[in-house]
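# Notes for the structure review
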Amino acid sequence: MVWEERWHPLRQEWVMIAAHRNDRPWSGETVQESSEVLPAYDKDCYLCPGNRRVSGKQNPEYDGVFVFDNDKPCVGLSAPTDLQPPPGIYRNQRANGIARVVSFTPRHDLTLAELSYEQVVDLLVVLQEQYRELGAHPEINHVLMFENKGAVVGVSNPHPHSQIYATNFVFKTIEIEVEASSRHFTEHRESLLQSMIRAEEEDGRRILISSDQTLSFIPYCARYPYETFISPREAHGSLAGLSRDELEDFGAVLHDTVVRMDNLWKMSFPYVMVFHQEPTDGKPHPGFHFHVEIHPPLRKPGLLKYLAGPEVGGGNFINDTSPEEKAAELQAVPSVHYKKA
Ligand SMILES: [Zn+2]
């Protein structure tokens, strides 16, 4: 059992590991993930091929990955310019940017874990193109790509998809990571992720998948149970920097990781997956190292990790589990999806 505080070098913050109380009595709310069998096509889904969306636009009869501008964007090139001046010390700015939706497949009933390895690589190629295209806009300073998966993280539509927020500001997590990475690179002449990877490999207990070019692991300083990083060994600023060979290797490890997550409880494993990519603000970001972080919200099937006083109010996490034990659970499951096994 682990009871200690661990430093998170990318976020520059302490994580309280309190695994000694993981089995404390629980009388709180539990959540239910739907076990409903989905159709391959849903006429009411805004992502399925041929369907009409709220904007009135019609999806093509696509058969691979399909990208479109979000019909209800939080940032847009048409955002209002005539803003009310803020009172006193406050500031505001235009909600300038581009928000897009990326449908992984025409199939309504599949998840990333259930796609073929080739489909995962195709998706990553599309995301590379999106990063290059959106990042080239002078007014876009950062391209955030993420997948919210599962009803417990607020996704009402199960059709597998991710979102892109290309914004005029740099998201806070990335801003902190840029600063921490730059400082580390100046001092150690290698990226922070490379130092983390070395430490993980020396220890070995939290590694899920290790290949020639990619490592999947639960970091020593994990904030969530089952929080997983997937990182190329080479430091590239973004997904777009990966060669075809590296991309295929990365895709295989990413796929294997999400398959194991589904296999753990034989259910579609909910998570928030975020691509950590360097800002596109035209400045240098020495030592920035592209990787993916997966933040699963469940502690156990049906049992949510609530974000409360310490996390929401204090800004630091309590992890009630031992990252070593959670990694061992994911190491022990098969790498063939349970639905295909
Ligand atoms: Zn659909």
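Our subject is the structure that appears above.
First, a word on scope: everything that follows refers to the structure included in this document. Along each chain, residue indices are assigned from 1 in the same order as the chain's sequence is written. Local features in a predicted model are, by the rule used here, given only for residues with pLDDT of at least 70; side-chain atom pairs are given and counted only at 80 or more, and totals for whole chains, interfaces and linings are based on all residues.

## Here's the deal with the overall build of the protein chain
This is how it is decided: Secondary structure elements follow DSSP: runs of H or I of four or more residues count as helices, runs of E of two or more count as strands, with numbering from the N terminus. Residues with at least 20 neighbouring C-beta atoms inside 10 Å of their own are called buried, those with 12 or fewer are called exposed, and the rest are partly exposed, where every C-beta is derived from the backbone. Contacts here follow a simple rule: the backbone-placed C-beta atoms of the two residues must lie within 7 Å.
A count of helical and extended segments in the protein chain gives six helices and 14 strands. Split into buried and exposed, the 341 residues of the protein chain put 40% on the buried side. When contacts within the protein chain are restricted to residue pairs at least 6 apart in sequence, those whose partners lie at least 24 apart make up 68%.

## Quick word on the packing of helix α1 (residues 117-135) against helix α4 (residues 244-265)
When two helices pack together, you describe them by how their axes are tilted relative to each other and by the distance separating the axes. The test is simple: Axis angles are defined between N-to-C directions and span 0 to 180 degrees, where every axis is a line fitted to C-alpha atoms and, for a helix, only to the segment in contact. Each angle gets one of four labels, with under 35 degrees taken as roughly parallel, over 145 as roughly antiparallel, 65 to 115 as roughly perpendicular, and the rest as oblique. Throughout, a crossing is termed right-handed when the near helix is turned clockwise from the far one, and left-handed when it is turned anticlockwise from it by less than a right angle.
With their axes 9 Å apart at the nearest point, α1 and α4 run at an angle of 120 degrees to one another. Relative to α4, the element α1 is oriented oblique. Crossing geometry of α1 relative to α4 is assigned as right-handed. Residues Tyr-117, Val-120, Val-121, Leu-124 and Val-125 of α1 lie in contact with α4, whose contacting residues are Leu-247, Glu-248, Phe-250, Gly-251, Ala-252, Leu-254 and His-255.

## Regarding the sheet that holds strand β14 (residues 318-319)
We apply this condition: Paired strands are those between which DSSP finds at least two bridges.
Taken in spatial order, the three strands make up an open sheet running β1-β2-β14, and their pairing is mixed. At either end of the open sheet lies a strand with only one pairing partner, and these are β1 (3-8) and β14. In the sheet, strand β2 (residues 13-18) pairs with β14 via two bridges, with the strands oriented parallel. Across the sheet, residue Met-16 finds its bridge partner in β14, namely Ile-318.

## A short note on α1
Going by this rule: Each helix should span, by expectation, one fewer than its residue count multiplied by 1.5 Å. Relevant arc is that of directions from the helix axis to the C-beta atoms, nothing else.
Taking 1.5 Å of rise per residue, the 19 residues of α1 would be expected to cover 27 Å, and the 27 Å separating its terminal C-alpha atoms lies within 8% of that figure. Along α1, the residues classified as buried are Gln-119, Val-120, Leu-123, Leu-124, Leu-127, Gln-130, Tyr-131, Leu-134 and Gly-135. Down the axis of α1, the buried set is contained in an arc of 140 degrees. They therefore lie on one face. For α1, the secondary structure elements touched by its buried residues are β3 (66-69), β4 (97-103), β5 (142-149), β6 (161-167) and α4.

## Things to note about the pairing of β4
Where burial is concerned, most of β4 is hidden: five out of the seven residues are buried. Taken together, the four bridges between β3 and β4 define a ladder with antiparallel strand orientation. If you follow Asp-69 over to β4, its bridge partner there is Arg-100. In the sheet, β4 pairs with β6 via seven bridges, with the strands oriented antiparallel.

## Points about the pairing of strand β7 (residues 207-210)
For β7 and strand β8 (residues 214-217), the ladder comprises three bridges, and the chain directions are antiparallel. By the bridge assignment, Ile-207 is partnered in β8 with Phe-217.

## A closer look at helix α2 (residues 172-188)
Spanning 17 residues, α2 covers 24 Å between terminal C-alpha atoms, matching the ideal 24 Å at 1.5 Å per step. If you check which residues of α2 are buried, you get Ile-174, Glu-177, Val-178, Ser-181, His-184 and Phe-185. Down the axis of α2, the smallest arc covering the buried residues is 145 degrees, so these residues share one side. Exposed positions of α2 whose direction lies more than 90 degrees from the buried face are Lys-172, Glu-179, Thr-186 and Glu-187.

## Structural notes on the sheet that holds β5
One open sheet accounts for nine strands, arranged β3-β4-β6-β5-β10-β11-β9-β8-β7; its pairing is antiparallel. In this open sheet, the two strands that pair with only one neighbour each are β3 and β7. With strand direction ignored, the average angle separating the axes of adjacent strands in the sheet is 20 degrees. In the packing of α1 onto the sheet, the strands contacted are β3, β4, β5 and β6, and the crossing angle to β5 comes to about 145 degrees. Lying over the sheet, α4 contacts β7, β8, β9 (228-232) and β11 (291-295), oriented at roughly 165 degrees with respect to β9.

## Examining the environment of Pro-279
Within the secondary structure, Pro-279 sits in the loop between β10 (271-276) and β11. Through-space distance from the C-alpha of Pro-279 to that of Phe-169 is 8.9 Å; in sequence the pair is 110 residues apart. Setting aside its immediate chain neighbours within four residues, Pro-279 contacts Asn-141, His-142, Val-170, Ile-174, Val-178 and His-285.

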